Each structure stands twice: as C-alpha cells, then as structure tokens.
Amino acid sequence: MTPLTKMKGSQAIVASLEAEGCDTLFGFPGGVVIPLYDALFDAKHLRHILVRHEQGAVHAADGYARATGKVGVCLATSGPGATNLVTGIANAYLDSTPVVAITGQVRADLIGTDAFQEADVTGITLPIVKHSYLVKSPAEIPQVIHEAFHIASTGRPGPVVIDIPVSAQLSELTYKRPEGPQLPGYRPTVRGHVKQIRAAARALLEAERPVLYVGGGIVTSGASDELARLAQLLQVPVTTTLMGLGGFDERGPLSLGMLGMHGTVPANYAVHECDLLVAVGVRFDDRVTGKLSAFAPQAKSIIHIDIDPAEIGKNVEPTIPIVGDARHVLAGLLAELEKMERPSGRTAAWLRRIEDWKAEYPLHYDERDGVLAPQFVVQEIERVTGGEAVIVTDVGQHQMWSTLYFHYRFPRQWISSGGLGTMGFGLPAALGAKLGRPDKTVVDISGDGGFQMTMQELATAVNYDIPVVVAILNNGYLGMVRQWQDLFWNKRYSYTCIEVQPDFAMLAEAFGAKGLRVTEPDQVGDALREAIDCGRPAVIDFKVAPEENVFPMVPAGQSITEMIGGKATRRARGAKKA
Amino acid sequence: MKHTLSVLVENKPGVLTRVAGLFARRGFNIASLAVGESEDPTLSRITITIDGAEHPIDQVTKQLHKLINVVKIRELQPENSVAAELILIKVAAEGDKRAEVLQIAEIFGAKVVDVERRSIVVRAVGTNDKLERLLELLQPLGVLEVVRTGTIAIGRGRG
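Residues numbered from 1 in each chain as written. Chains lettered and ligands numbered in written order. Predicted model: local features only at pLDDT ≥ 70, side-chain atom pairs only at ≥ 80, totals over all residues.

(A) Highlighting the overall build of chain A. Helix and strand counts for chain A stand at 24 helices and 20 strands. At 24 Å, chain A has a C-alpha radius of gyration in line with the 25 Å of a compact globule built from 578 residues. Seen through its C-alpha atoms, chain A measures out along the principal axes to roughly 75 × 60 × 40 Å. When burial is assessed residue by residue, chain A has 57% of its 578 residues classed as buried. Within chain A, contacts between residues separated by at least 24 positions form 77% of all contacts whose residues are at least 6 apart in sequence. (Helix = DSSP H or I, 4+ residues; strand = E, 2+ residues; numbered from the N terminus. Rg over C-alpha atoms; globule rule 2.2 N^0.38 Å. Buried ≥ 20, exposed ≤ 12 C-beta atoms within 10 Å, placed from the backbone. Contact = placed C-beta atoms within 7 Å.)

Printed below as a string of structure tokens:
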C-alpha cells in the first residue's frame, strides 16, 4: 500500500486492524456493518470467526487476549448487537484484559433520533471501558484504531470501544498510517520510584515472616521469572489471587496456592501472620481480604506495587507504595537486593511453620464409592494433560475446584472470569484461547449452569474446527448459590436446582462435536484422553456428586482465618471455640 | 472542608460526561462544577469543588487521572489561589423592602441588573462564602430564584 491511498472507511478499518497486527476477529454481522463485512470479505491477513451470539464474540476476544497477551478484537452491529457485548466488555474491564470492541452505529446524521437499531453504545459502556470513541468522520479511523490498541494494551490494560457509524464506513478517506498515539493525558508510569524500590528491598531483608501476595499484574506484565527469582533469592512464600494463578509455579515449596474466600488454609494463615506483605499487581479485592480490618493484622509493613495509582491506598494504605509495571519494579528490586548484603536463613523458621500448616491442613474431599467427586475430575485433568493444558473455566463451584485441585505452572495457563464472575464465559473464552494458542490442549472446565448460557458456541467450535475439550462438572445445581443456601439459608434451595437439562453428550453430537458421559471415577481418565485425542471439539458430561461443597470457605465479610469446612479446618474451628 | 480541583481536559465531545459519570459511579458528590475553554482552544478547564470530608480527595484525583482525556489535575489551596463565583438572585422587592434590598446589594458590591415592579435581580461575584452571606441577608426579604455558576478558581503567581 502506498503511503497515501484513497479508500472507504470500511477498508480503512480492515487496513488499520491489520496494521496493528490483529490476525483474528470475532464477530457477528448486522445492518450497519454490512460495508465493513464487505471489506472483510477481501481481507488477506485477518481471519473472521462467526460466533453464534455477540456475547460469544467478546468473551472469545477476551480469551484470545488472555491466552496470548495480544489485543483481542470483536465486532458487532449497532443496537442489540452492541448491547449483547456489554457483559463481556464489563468482564474485560474488571479483569483488566486488552479487548477492542468495534461496534457499528447508525448513520451519523441519524444519531439521536431513535433510528432503527440505534443504541447509545458509548454512553451505555462508559462506566465499563478504559476508553471509547465515536468516530463520525472516516478520516479519523486509522488514528482512532491505533490509539485504541495502544490504550487497551498498555498501562493497566482494559477494553476500548470504537463505535463507527455506517456513514463513516461508506465515505472515502485518504489512508495515512498513524505515526503514534496522540494522547496528552495518557502516560502510564512503568518504572517504579528508585527510592521506594530501595525501601522495599530493605523491608524485605528485615522481614522474618514475609509473604508475596501476587495477582493478575504478574501475568499481564510478564513478571513470572522476576517473581520466581525474588521468591527464591530471599526464600519468600508466594500466594496468588485467582487472577494471578499461573504467575508462580504452584509445584514448589514456596507456593501457598490461592488465598481468600476459597483460598488454602496455609495461604490465609500465612497472610494473617506475616510481618511483611508484598502485594504485587493486586487490588485487595473483598473476595481476597474478607474483613479488611482483620487482613494481615500483624504486618508491620505493606509494600504495594501496581501500575494503577488509583489502586494504591484504595482499600489498604500501604507503608511503601510503588507505582509501576510489576516486571520492571521486581527487576529493579532484584537488582537492589543483589547489591545488598543478605542474611541467609532469615525466613527458615517461617517456612517451617508454613510446611506445618501444609501438612496439617491439606486440601481434602470425601471419596465415596459410586460417587464421582468433582475435585477428582480436576485432578485427573491435570494428570492426563501432564499439567500442561491451558485451563479455562466458567464461574461457580467448578471454578473454585479448578483453582484448588490443579497445580498451575506457567503464566496464561489459567483463564477465568475473576472480577465480574460472568457465567457463560468459559466456552467462548476457550475458543479464543485455542485459536490464540493452537499448540496447547485447551480444557474448558464448566458447570452445567454456566455452560447452558453460551453453549451455542459449540457450533462455532465445530464450524471452525477448534478442538477444545469441555468438561462439564454436572451436579444438576447452580452449585455455588446452592452452597450458600446450604450453609447460610437453612438449605432452602430456592430455584437453584436445574430440574430439566439437555443430555449434554447428545447435545454435543447434535452440534457435530464429540459427546461423552462419565459417571464412574475409573472412566474419567479414559474419557479425557479420548476427548483430547479425537482432535475435534468435545464435551464430557461428568455426573458429579450433586451436593458437594467448596471448602475451605471464608463466609463473606469475615476474617480470612475464619474458614469453614474441610477435615482439618473443622478441627481448627473446634479448637478455637474451646 | 471543600476541595477545589482544577482539571485540564481535552476539548472533545463527551469529556464532561466522562468526568461527571466518574463522580457519580464512584459515589463522589460534586458541590459545584464549572467548565469552559482554556487558554489553549484544544483544552478545556473544569473547576470542581467537592466535600473533602466525605470523600478521600486522593482517590478522586487518582480516578480522574485514569480518564484518558484528562490531561492535568491540580488541587488549588485557598491560600495560593483565587476563587470566584457568579450568582443571580431574584428578590421579591415590594414597597419598603425595596430600599433594603438595594442597600444590601450595595454593601456586597453587587449589581442590580433588572428591576421590575415586584422583583429585583441582583448579580454578585465573589467567593462562595461571601455569596452565602449575601443570600442569607436577602433571604428574609423574599428570595424567589437563585442561579449560580459554581466556583471557578485559578492559582496565584506564575507557578
């Protein structure tokens, strides 16, 4: 393409997406995006995936982004097409994932007239986007798309909406490749303050009971290596949030697993007793902290490293705040520490205490004859895939079992809806993940409730030959809500029993996918292998124990040491009362 | 205590909505907001006053900074800034109350900008405190309508 080429707005959208390195686009056509679809018909470097519902498009883009670290792109028409994206945009916003959502809009001169399929999309999405654009003039398209990718993927990533009226798609412009973003108000702080980093290094050397509490920021910034080196160098145990899973290899002795409401006992105890809390790329979410006033009460010092200054001091006031990219800051911290004299064995007693907790409070579930435990299915998925699969989940009990019973080992291995807790996320996100990482086995662990929210995307999987394995932990309930009703609402299971269900294996076959059903523990491994080896999209309906609960559990709003359930934790609770 | 923020934003459609929307969704109450073009026509300046006791000013500022179109935020302290607000007050001024209204207006350096048989419109410029006192004195005379611009403020000196 010559530097100055005349083209239509629709062609400029395609050219701009390609210029940003976008290779996959998830979308669904409609009236006002027909010109754009016409241009896509000729696109050479852009693969369009036709989803079966716009929600599938945005979740797939999100899954693609999480699996690859690249910007995920989705496309929908005006009005209902765009409003169907809203949940997925909010999902990307809450989990800080780089998604660009392009929506068609009615003709610029019709905006504000309640025209057919008109919705104020920039208005509707205002509270759930990092930024948004309404592009009325075709000449703006290249610059806007360039900036949108820049904003979505830098700093604290997030979704950007570009609303483009059909009139701008149809008009001509002279395409000029943008030279860079023009955003005078947008300059994320990447490098941490040197003095603060030094102070953090000193605090780390002085600590006897330090804990690294790390989250999605580790994965986003690619700081896993730096984190592992830091933990090793000073022998500091690491607990991850749900978003941070995969950011630290969970197989080593320094891993505490996940913390918070459904965190492990050692993780929550360690945070409770630590004298130094090093929070990296986290936001002290209520599902992590429980009762804030009782969170890390013995910490003499809290270091909070985050790229978003607004997160620092929002829920917890740190002693040493550091604004910056987790990878840069941790690298800086390592460089400082390597220069300093380091006493050896300072955390040895602390690590022994943690080992004791691990021995005393292992994860536990009851194995009963003839009953398929959902936790066992997750363990089998790890075993059969050698722990190397990318795990995508939906939202609910199966999601929590997936956090607890699989040892995550590499970043971007774990893809799950954290902040928004969006049921229906799993299957479409798995499709996006598989398209982004075709080299990996992708297993979507889902529940029977969440799967039914977006199961139409099985058609997309078959259509484009995307061989994901869907493992439905089917307990016939909306299990997480049922668990709360069980524990806190006198077992009044109000509308949480899914009384009528399709036969998921037959349903999969009807879509042209492979369908399997498993009722016995000894069939689990074979079924998983068969599903993975068939090389086609596959659904396994695991009929699991209907009323199994997720333990440990901290009731909402309580201190994270107030854990209920599980064998050892019951003992701990009893001891406390006595 | 009231805080005054001077926020420089890109002069583009929808920017005011983003700022106002942010306050609403984070639960911050705006006491007043005034906006207009700045010395640079591509930028607008918004003066926002908020009740600082109610909301941590630090969080407000940080959240505002996250808006892509917000270029610069400055908190203006009363001791090194100048603030002013314009108010229009319509007072029922019949018979012998008329003279009193005019007298109070004069003391406050306010201008009478409209006189009708049954009402007077007084225009005053000053700090929020001063205008509050003026209103207080006019209140017993029968205030019919009040319109105010909200505070605008600027830093002293060249800093």
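Structure shown, so let's carry the discussion forward.
(B) Representation of the interface of chain A and chain B within the structure. Contact with chain A, which involves 13 residues of that partner, is made by 16 residues of chain B. Residue composition of the side of chain A that touches chain B, by class: 8 nonpolar, 4 polar and 1 charged. (Nonpolar A, V, L, I, M, F, W, Y, C, P; charged D, E, K, R; others polar.)

(C) Spatial organisation of the packing of helix α11 (residues 224-234) of chain A against helix α14 (residues 326-339) of chain A. Residue and element names in this part refer to chain A. For the pair α11 and α14, interaxial distance at closest approach is 9 Å and the crossing angle is 30°. Between α11 and α14, the interaxial angle falls into the category roughly parallel. Relative to α14, α11 is oriented so that their crossing is left-handed. Across from Glu226, Leu227, Arg229, Leu230 and Leu233 in α11, the residues of α14 making contact are Arg327, Leu330, Ala331, Leu333, Leu334 and Leu337. (Axes fitted to C-alpha atoms, helices over the stretch in contact; angles between N-to-C directions. Parallel < 35°, antiparallel > 145°, perpendicular 65-115°, else oblique. Left-handed = near helix turned anticlockwise from the far one by under 90°.)

(D) Fine view of the domain arrangement of chain A. Residues and elements named next belong to chain A. Segmenting chain A into domains produces domain 1 (5-175), domain 2 (194-360) and domain 3 (374-543). Its C-alpha centre places domain 2 at a distance of 31 Å from the equivalent point of domain 3. If you look at the interface, domain 2 gives 13 residues, while domain 3 gives 13 residues. In terms of residue class, the side of domain 2 that touches domain 3 is built from 5 nonpolar, 5 polar and 3 charged. (Domains from an automatic or database assignment.)

(E) Geometry of unusual backbone geometry. All names here are of chain A. A cis amide bond links phenylalanine 551 to the next residue, proline 552, at an omega of 5°. Residue position: proline 552 is located in the loop between β20 (538-543) and α24 (567-577). Residues other than glycine seldom take positive phi values, yet serine 96 does so here, at roughly 55°. Structurally, the position occupied by serine 96 is in the loop between α5 (86-94) and β5 (99-105). You can call serine 96 buried: it has 24 C-beta atoms within 10 Å.

(F) Quick look at the sheet that holds strand β1 (residues 2-10) of chain B. Residue and element names in this part refer to chain B. The strand order across the open sheet built from 4 strands is β2-β3-β1-β4, with neighbouring strands paired in antiparallel fashion. Single-partner strands in this sheet number two, and they are β2 (30-37) and β4 (70-76). Each strand of the sheet is rotated relative to its neighbour by a mean of 20°, with strand direction disregarded. Pairing of β2 with strand β3 (residues 43-51), which is carried by 7 bridges, proceeds in the antiparallel orientation. Residue leucine 33 lies in a different strand from β3, and its bridge partner there is isoleucine 48. (Pairing = 2+ DSSP bridges.)

(G) Molecular detail of the pairing of strand β13 (residues 301-306) of chain A. All names here are of chain A. With 6 of its 6 residues buried, β13 lies for the most part within the structure. Side chains Ser301, Ile303 and Ile305 project from β13 onto one buried face, and the interleaved Ile302, His304 and Asp306 project onto a second face that is buried too. One ladder, built from 5 bridges, connects strand β12 (residues 276-280) with β13; its direction is parallel. Bridged to leucine 276 within β13 is serine 301. Across 4 bridges, β13 lies against strand β14 (residues 320-323) in parallel orientation. In the strand pairing of β14, isoleucine 305 is matched with isoleucine 322.

(H) The arrangement of the environment of Glu54(A) in detail. Residues and elements named next belong to chain A. Residue position: glutamate 54 is located in helix α3 (residues 54-68). Assessed through the 27 C-beta atoms surrounding it within 10 Å, glutamate 54 is described here as buried. C-alpha of glutamate 54 to C-alpha of valine 86: the two residues are 32 residues apart in sequence and 9.4 Å apart in space. Sequence-distant contacts of glutamate 54, that is, excluding residues within four places in its chain, are made with Phe28, Ala76, Gly81, Asn84 and Leu85.

(I) Region of the structure containing the sheet that holds strand β11 (residues 255-258) of chain A. Residue and element names in this part refer to chain A. Pairing in this open sheet of 6 strands is parallel, and the strands run β11-β10-β9-β12-β13-β14 from one edge to the other. With partners counted over all chains shown, the strands left at the sheet margins are β11 and β14, one partner each. Taking the axes of each pair of neighbouring strands and ignoring which way they run, one obtains an average angle of 15° across the sheet.

(J) Main features of the packing of helix α16 (residues 374-384) of chain A against helix α17 (residues 397-404) of chain A. All names here are of chain A. Put simply, α16 and α17 touch, their axes get as near as 9 Å, and they point 50° apart. Taken together, the axes of α16 and α17 lie oblique to each other. Crossing of α16 over α17 shows right-handed handedness. Contacts between α16 and α17 involve Pro374, Gln375 and Val378 from the first element and His398, Trp401 and Ser402 from the second.

(K) Broad picture of the nonpolar core. One finds Cys74(A), Val100(A), Ile162(A), Leu277(A), Ala471(A) and Ile540(A) to be the most contacted residues of the largest nonpolar core, which totals 195 residues. The contacts of Ile162(A), once residues within four sequence positions are left out, are Val100(A), Ile102(A), Tyr133(A), Val135(A), Val144(A), Ile145(A) and Ala148(A). In terms of nonpolar packing, the next biggest core, distinct from the first, is built from 13 residues, Val91(B), Val101(B), Ala110(B) and Leu138(B) among them. (Core = buried A, V, L, I, M, F, W, Y, C linked by C-beta atoms within 7 Å.)

(L) Inspection of the environment of Asp23(A) at higher detail. Residue and element names in this part refer to chain A. In this fold, aspartate 23 is placed in the loop between α1 (9-19) and β2 (24-27). Along the sequence, aspartate 23 and alanine 231 sit 208 residues apart, while their C-alpha atoms lie 37 Å from each other. Residue contacts for aspartate 23: discarding those within four places in its chain leaves His45, Leu46 and Arg47.

(M) Quick look at the domain arrangement of chain B. All names here are of chain B. The domain boundaries assigned to chain B delineate domain 1 (2-76) and domain 2 (82-155). The C-alpha centroid of domain 2 is placed 28 Å from the C-alpha centroid of domain 1. Across the boundary between the two partners, domain 1 contributes 9 residues, which contact 7 residues of domain 2. Going through the elements one at a time, β1, β2, β3 and β4 are the ones with two or more residues in the side of domain 1 that touches domain 2. Take the side of domain 1 that touches domain 2: its biggest share by element is 3 residues, from β2. Residues of the side of domain 1 that touches domain 2, tallied by class, amount to 3 nonpolar, 5 polar and 1 charged.

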